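Observations on the three-dimensional arrangement
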Amino acid sequence: MLRLEHAWTPNIDRLARDGVMLTQHLAAASVCTPSRAAFLTGRYPLRSGMVSSNGYRVLQWTGVSGGLPTNETTFAKILKDRGYATGLIGKWHLGLNCESSNDHCHHPLNHGFDHFYGMPFSMMGDCIRWELSEKRAGMERKLNVCFQIMALAALTLTAGKLTHLTSGSWTPVIWSTMAAMLLFTTSYFLGALIVHADCFLMRNHTITEQPMHFPRTTSLILKEVSSFIQRNKQTPFLLFVSFLHVHTPLITTEKFRGKSVHGLYGDNTEEMDWMVRKILDTLDTEGLTNSTLVYFTSDHGGSLESRLRNNQYGGSNGIYKGGKGMGGWEGGIRVPGIFRWPGVLPVGRVIHEPTSLMDVFPTVVQLGGGEVPQDRVIDGRDMLPLLLGTAQHSDHEFLLHYCENFLHAARWHQRDGGRLWKVHYTTPVFHPHGAGACYGRGVCPCFGDQVAHHDPPLLFDLSRDPSEAHALTPDTEPAFYRVMDTISRAVEEHRRTLRPVPMQLDALGNIWKPWLQPCCGPFPLCWCDRENGQA
């Protein structure tokens, strides 16, 4: 979750000034798991099955069987085959295991990376038992209700036996009492169980820290980045640094806490900006700056619902409507896009053409001397001509915006008229009425009675109304029906290219399975600190 306009980010700003900035850079999904899958494969996440149909927007646990399918090809795999050293440092959140706790079928090392250090899951408020909870608070409420029911049943049965109102054995009393005790114990220890189950670090296939010791995580990440660059400076390399920052619970080291006038989110953003500087400094020190293409982006927009009392912890999306989890509104999918390559890319170039995170796949593959796969649909387009200035327009005429497996919106870049049209078929119903988000929920839904279906669809001209504040009608826009017909035909053509695949984030692939849980000791005693030589 990242927006930069309210924080002091001199190093990211310098990166933009020294390179090319994309003002209409778009994520393929408004939440992390499907967005990251699309980024790595160059394909809409619906094609790989990295979506759901039942409300599970992202992978819910580390110990689930869902994840990026092994038959998907990432740009890391293609570059590795071309002789590149490939590394991923930071967040993964695309699955880990399929059938056992160490088969690593979805692991980064099984998707083209030959080095991994970081979180196989994702940073979340539950990692520090924060008030803003992703799953702990809801699960505790359900467990407590079940405990009360079982406890009441046990008391009622016991009273019946003692007063001789019921006959039979004491077995139902014993079982209901044991069930109540189990539910109470689980609820009591749930927070600790989640921390150990999901908030840990791995180096390649080995767990190094379970649970994480957050005060030193930033320094460990930077140390690993520096080490990877130094090890591989004599060979071509691809390094994907996936920051754990600007995501709740906004873990920030003491050096940066309280420094920003914009609160904890500002502190966290400024620390990430400092990390960017340290990485760029490493490239300078090793003499790699002029031979390295640097790319900076985010996987989705800011989380407006990450709010507690008067504090906003999910960032701001500026003039753009909506935020994280909203399939169509710009605030959830329009993200930063910066490329820097000294001596190759023009300095200070700003591009206002629609581009996608999916475009990184064909761009990087072709720069690395690889070939874009011909056995599958690749939705990304090579950006290099646009970045160099040899092409004036993006190759994307149409882009589709999904929420889970539901199409919520689509855009048409009408090149001949310079217009950028966008239609919304479905939008979330904001709560409370008149708000700009779904407050009281973790994220806006994609379907059900809390979304509105529009017939005719809502139409906006983003070239004149980037905030999507004024929906056009046949009375206010003469081209209304032509635009609707053009986009409708493009959507139908897109749908003809879709093939049925297993949904990786649906219930069966997205429920916790104890036999898939990674553990650095005998389960459930998952504790180790190999960073300090302790296990």
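Residues numbered from 1 in each chain as written. Predicted model: local features only at pLDDT ≥ 70, side-chain atom pairs only at ≥ 80, totals over all residues. Heavy atoms only, no water.

1. Some details on the state of the cysteines
- Applying the stated rule across the entire model yields 6 disulfides.
- The disulfide partner of Cys98 is Cys105, and the gap between their sulfur atoms is 1.8 Å. Measuring handedness by torsion sign, the sulfur bridge of Cys98 and Cys105 sits at about 90° and is right-handed.
- Residue classification places Cys98 among the partly exposed residues on the basis of a relative accessible area of 28%.
- Going through the chain in sequence order and numbering each bonded cysteine, the pairs you get are 1-2, 3-4, 5-8, 6-7, 9-11, 10-12.
- Unpaired in terms of disulfides, Cys32 finds its nearest cysteine sulfur in Cys127, a separation of 12 Å. (Disulfide = S-S within 2.5 Å. Buried < 20%, exposed > 50% of the residue type's maximum accessible area, 1.4 Å probe, protein only.)

2. Let's talk about the side chain of Lys161
- Among the secondary structure elements, Lys161 is positioned in helix 5 (residues 136–162).
- It is Glu140 that comes nearest to the buried, bridge-free Lys161 among opposite-charge side chains, at 35 Å.
- In this structure Lys161 touches Thr166, Ser167, Gly168, Ser169, Trp170 and Val173, once residues within four positions along its chain are discounted. (Helix = DSSP H or I, 4+ residues; strand = E, 2+ residues; numbered from the N terminus. Lys, Arg positive; Asp, Glu negative; His and termini not counted. Salt bridge = Lys/Arg side-chain N within 4 Å of Asp/Glu carboxyl O. Contact = heavy atoms within 4.5 Å.)

3. Re the UniProt feature "transmembrane region" (unreviewed entry) in the chain
- The UniProt record marks residues 143–162 and 174–195 with the feature "transmembrane region" (unreviewed entry), using the residue numbering of this structure.
- Along residues 174–195, the helical share is 100% and the strand share 0%, with 32 Å between the first and last C-alpha atoms. (UniProt positions renumbered as here; feature names shortened; annotations may be inferred.)

4. What to know about helix 7 (residues 217–232)
- Look at helix 7: 23 Å from first C-alpha to last across 16 residues, which is about the 22 Å you get at 1.5 Å a residue.
- Three or more residues of helix 7 are buried, namely Thr217, Thr218, Leu220, Ile221, Leu222, Glu224, Val225, Ser226, Phe228, Ile229 and Asn232.
- Check the buried side of helix 7 and you find it contacts strand 3 (85–91), strand 4 (115–119), strand 5 (201–203), strand 6 (206–210), strand 7 (237–242) and helix 8 (263–285). (Expected span 1.5 Å × (residues − 1).)

5. Some points on the sheet that holds strand 4
- The strand order 7-3-4-5-6-19 describes an open sheet built from 6 strands, whose pairing is mixed. Where the open sheet ends on each side, the last strands, each with one partner, are strand 7 and strand 19 (528–529).
- In this structure, strand 3 lies alongside strand 4, joined through 5 bridges in parallel fashion. Its bridge partner being in strand 4, Leu88 is matched across the sheet by Phe116. (Pairing = 2+ DSSP bridges.)

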